[in-house]
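Take a look at the letters that make up each chain.
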Amino acid sequence: MQEPDQTPLVNQIFDKIFALLIAGEIPLGGTLNEAALAERFSVSRGPVREAIKMFQGRGLVVREPYLKARVVELSPSDMVEIFQLREAVECMSIRLATKNMPDAELDTLLSEFSRSRTDHTVDALDIHVRIAKGCGNVRIQTLLCDELYHLLRLYRARSGEKPGRRENAYAEHWQMLRAMKARDAELAESLMRTHIQRATNSLEKLLLSDGSTETSDSGSRKAV
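These remarks concern the structure in this document. Numbers given for residues are sequential positions, taken from 1 along each chain in its written order. Per-residue local features of the predicted model are confined to residues with pLDDT of at least 70, and side-chain atom pairs are confined, for both listing and counting, to 80 or more; whole-chain, interface and lining totals are unaffected and use all residues. Hydrogens are left out, water is left out, and the side-chain values use all remaining heavy atoms of the structure.

Thoughts on the state of the cysteines
This is how the line gets drawn: Cysteine sulfurs are considered disulfide-paired once they come within 2.5 Å of each other. Each residue gets one of three labels from its accessible area relative to the maximum for its type: buried under 20%, exposed over 50%, partly exposed in between, using a 1.4 Å probe on protein chains only.
For the coordinates displayed, the defined rule picks out zero disulfides. For Cys145, which is in no disulfide, the shortest distance to another cysteine sulfur is to Cys135 and amounts to 8.1 Å. A residue is classified by how much of its surface remains accessible, and Cys145, at 22% relative accessible area, is partly exposed.

Now the structure itself:
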């Protein structure tokens, strides 16, 4: 008899584990305990194991021989390199989207974003995804919405931990969208570059600060 397709369940487990990562309940560098996660989500270990393989495929989890899967923990230099790549790609993404997004689509994005501050219907990161999807370049869309999406989202969540960063990011997103509405591609690109550089500096400082206490904390990392 053919085995039932577990893909929907595996995807659900993937999303639930990722939510724990975003919330910091599973820390960067923390281990993923298949048995504990299976018990938590009331499933067998099979779907959890497959979900963890999906994380490995996206570069979010590493598994060394005879050791448990561990959430990736980039060094500050690794993170800066990824954000430098992000800066180059997203600046082109917003330049193209400013020229290519239809007026109706851009108006909808502005409207949804203006509501997001009060009803939280639009995640701040989704702005970057929507811009990438509207840029008209399939390779840029694949890179930002698939290949790097979860890694960037995880580290963007960390950069937002700095006091005041979330409020500043909201204002920066709003300025970028207004530049797009005015069809000013050069201004939109400049604002995106400044936005990502500020996020990079914020996250680099945060990671360096965490690293200063890494020795004392390394033995008490939370594992799930």
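Considering the packing of helix H4 (residues 76-100) against helix H7 (residues 138-147)
Keep this limit in mind: For helices, the fitted axis covers only the stretch in contact; all axes are lines through C-alpha atoms, and the angles between them, taken along N-to-C directions, range from 0 to 180 degrees. Numbering of helices and strands runs from the N terminus, with a helix taken as a DSSP run of H or I at least four residues long and a strand as a DSSP run of E at least two residues long. Oblique is the label for any angle not under 35 degrees, not over 145, and not in the 65 to 115 range, which are roughly parallel, roughly antiparallel and roughly perpendicular in turn. Helix crossings fall into two classes, left-handed where the near helix is turned counterclockwise from the far one by less than a right angle and right-handed where it is turned clockwise. Here, residues are in contact when the closest pair of their heavy atoms is within 4.5 Å. Each residue is assigned to one class: nonpolar for Ala, Val, Leu, Ile, Met, Phe, Trp, Tyr, Cys and Pro, charged for Asp, Glu, Lys and Arg, and polar for all the others, Gly among them.
Here H4 crosses H7 at 125°, and the two axes come no closer than 11 Å. With respect to H7, the axis of H4 lies oblique. In the crossing of H4 with H7, the sense of the turn from one axis to the other is left-handed. Where H4 approaches H7, its residues Val89, Glu90, Met92, Ser93 and Leu96 are matched on the opposing element by Ile140, Leu143 and Leu144. Looking at the contact of H4 with H7 residue by residue, the class counts come to six nonpolar, one polar and one charged.

Quick notes on the sheet that holds strand S2 (residues 61-62)
The line we're drawing: What makes two strands pair is DSSP finding at least two bridges between them.
Pairing in this open sheet of three strands is antiparallel, and the strands run S1-S3-S2 from one edge to the other. Strands at the two margins of the open sheet, each flanked by one partner only, are strand S1 (31-32) and S2. Direction of pairing for S2 relative to strand S3 (residues 69-71): antiparallel, over a ladder of two bridges. Across the sheet, residue Val62 finds its bridge partner in S3, namely Arg70.

Re the nonpolar core
Inclusion rule: Throughout this description, the term nonpolar core refers to a set of buried Ala, Val, Leu, Ile, Met, Phe, Trp, Tyr and Cys residues connected via side-chain atoms within 4.5 Å.
Ranked by internal contacts, the top residues of the largest apolar core, which has 59 residues, are Ile17, Leu32, Phe55, Phe83, Tyr155 and Met180. Broken down by element, this core gets its largest block of residues, eight residues, from H4. Every residue in contact with Ile17, bar those within four places of it in the chain, is listed here: Ile26, Leu32, Leu37, Phe41, Ala51 and Phe55.

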